[in-house]
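# A closer look at the structure
The lines below spell out each chain.
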Amino acid sequence: MNKKLEFPKGFLWGSATSGPQSEGRFNKKHDSVFDYWFDTEPELFFDGVGPNVASNFYNSYKSDLKMLNEIGLNSLRTSIQWTRLIKDFETGEADEDGVRFYNDVIDECIKNNMIPIMNLHHFDLPIELYEKYGGWESKHVVDLFCKFAKTAFELFRDRVKYWTTFNEPIVVVEGEYLYQFHYPKLVDGKKAVQVLYNLNLASAKVIEEFKKDNLDGEIGIILNLTPAYPRSDSKEDLLASKIADDFFNNSFLDPAVKGEFPKLLLDVLKKDNVLFESTEEELKIIKENTVDFLGVNYYQPRRVKAREKELDLKGNWMPDKYFENYEMPNRRMNPYRGWEIYPEAMYDIAINIKENYNNIPWFISENGMGVEGEERYINNDGVIEDDYRIDFYKEHLEFLHKGIEEGSNCFGYHTWTPIDCWSWCNAYKNRYGFISVNLKNQIKTIKKSGRWIKEVSLNNGF
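Residues numbered from 1 in each chain as written. Predicted model: local features only at pLDDT ≥ 70, side-chain atom pairs only at ≥ 80, totals over all residues. Heavy atoms only, no water.

## Concerning the environment of Q194
Relative to the helices and strands, Q194 is located in helix α9 (residues 189-212). The spatial distance from the C-alpha of Q194 to the C-alpha of G259 is 17 Å, given a sequence separation of 65 residues. With sequence-adjacent residues up to four places away left out, Q194 is seen in contact with E137, K139, F276 and E277. (Helix = DSSP H or I, 4+ residues; strand = E, 2+ residues; numbered from the N terminus. Contact = heavy atoms within 4.5 Å.)

## Describing empty space enclosed by the protein
This structure, assessed with the given rule, holds 5 cavities of 30 Å³ or more. Considered as a void within the structure, the largest cavity measures approximately 110 Å³ in volume. T17, S22, S55, F57, D64, L65, L68, L76, P418, I419 and C421 are the residues that line the largest cavity. Among the elements that line the lining of the largest cavity, the one with the most residues is helix α3 (residues 57-70), at 4 residues. Considered class by class, the residues forming the lining of the largest cavity number 7 nonpolar, 3 polar and 1 charged. (1 Å grid on protein atoms, 1.4 Å probe; cavity = no way out; pocket = protein on both sides within 12 Å on 5 of 7 lines; lining within 4 Å. Points joined across faces, edges and corners; volume = space filled by probe spheres on them. Nonpolar A, V, L, I, M, F, W, Y, C, P; charged D, E, K, R; others polar.)

## Here we look at the packing of helix α13 (residues 344-356) against helix α14 (residues 387-405)
Remark: α13 packs on α14, axes separated minimally by 7 Å, with the N-to-C direction vectors making an angle of 25°. Between α13 and α14, the crossing angle belongs to the class labelled roughly parallel. Pair α13 / α14 crosses with right-handed handedness. Taking contact as the criterion, the partners of E344, M346, Y347, A350 and I351 in α13 are, on α14, H396, F399, L400, K402 and G403. (Axes fitted to C-alpha atoms, helices over the stretch in contact; angles between N-to-C directions. Parallel < 35°, antiparallel > 145°, perpendicular 65-115°, else oblique. Left-handed = near helix turned anticlockwise from the far one by under 90°.)

## Quick notes on the packing of helix α8 (residues 169-177) against α9
Contact geometry of α8 with α9 gives a least axis separation of 9 Å together with a crossing angle of 160°. Taken together, α8 and α9 sit at an angle that is classed as roughly antiparallel. At the point where α8 passes α9, the crossing takes the right-handed sense. Taken together, the residues of α9 that come into contact with α8 (itself represented by P169, I170, V172, V173 and Y177) are G189, K191, A192, V195, L196 and L199. Looking at the contact of α8 with α9 residue by residue, the class counts come to 9 nonpolar, 1 polar and 1 charged.

In short, the description is geometric, and any link to function would need to be established separately.
This is how it looks when you write it as structure tokens:
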């Protein structure tokens, strides 16, 4: 496309990071599940790099935020760490240094003309609450999370006008309870389904708290949507893709926006005897406390087909019994991450939200391309020429723009991530930022994409 793409007035051009992936563990009162996992099994993390320093944001937030202003970002999402802000989990009492730090970060964002969007949970459950109560398996932990949220609202409500409850809650379910890529690496379908429910309940209860206090601002949730595309139009493949969509996408999207779980998903869970434990009062809370806006993280689609042979579950339940992934021929792939590049899904997501989710206000809260070995692209001036990233963003923005033109109520586009950050077991294997970080000396350098996004933001398009 050669014509200029112009985005709606007041469009958010920004980027997203999180506390555990950027701050480091300096002066943090408690350990998260990831801190604990790194301490116990450091060899599982790429190059043995853990969250202890990360991108040093705890110490360098002033200069970091100044750099984000320099590359033209008008908004930033990060997270408030439960393990940093709260001294006493049972009471919700705040830690003095945590309060100081997040106050300073919020003030510096505003000083640098960036709207702060604050998220409350980014996979960083306190390890104490896992060891004591079983983490998100416990409804007591749901209530403790509400106390944490209430403390955060009281402290920062005067300056933070956009809040989100969770980032990618389905990943907690997948990583911790089904596919073993996050601690505690269980394979337990029954627990997975209960955790899925408890996370939805926690989000709704926090929204109830937010609305009860008549807070000035809006509250939403960040969901990673991976549209499930069927192999064919056969009724078997279509049903497989519907069940995959309901489990991985709509299990959070429907409660967040409509206040209820997808009927097909409930039917499947009941039939398989793994339905979550709930009460009428809890379901009423979910029904009445839906989000004001939605954040969508989009990286890749899911390609599915009907299962061709029965899955040997060894007595366990898995959603995969109803579908299997298939490798569509001639897919474009990001070889470093093993993910398909399919920008067309941006349009499909936009239209789905418009037509099936009340055209709720929403924004792209993450979109990005992780590349290994970016030092190969350093030019004579020491700048990483990441044209591949610019091309990736352009393609995705073109399809997002098409959806907006057709009436989808999208108000922003955030990339992952502003500054190369620590990515769980992958550590710094794949880099995503507009700004690179040298792990040896923590020197940060703007990449070519950082100069590009400044022009996009200034022109509200490209």
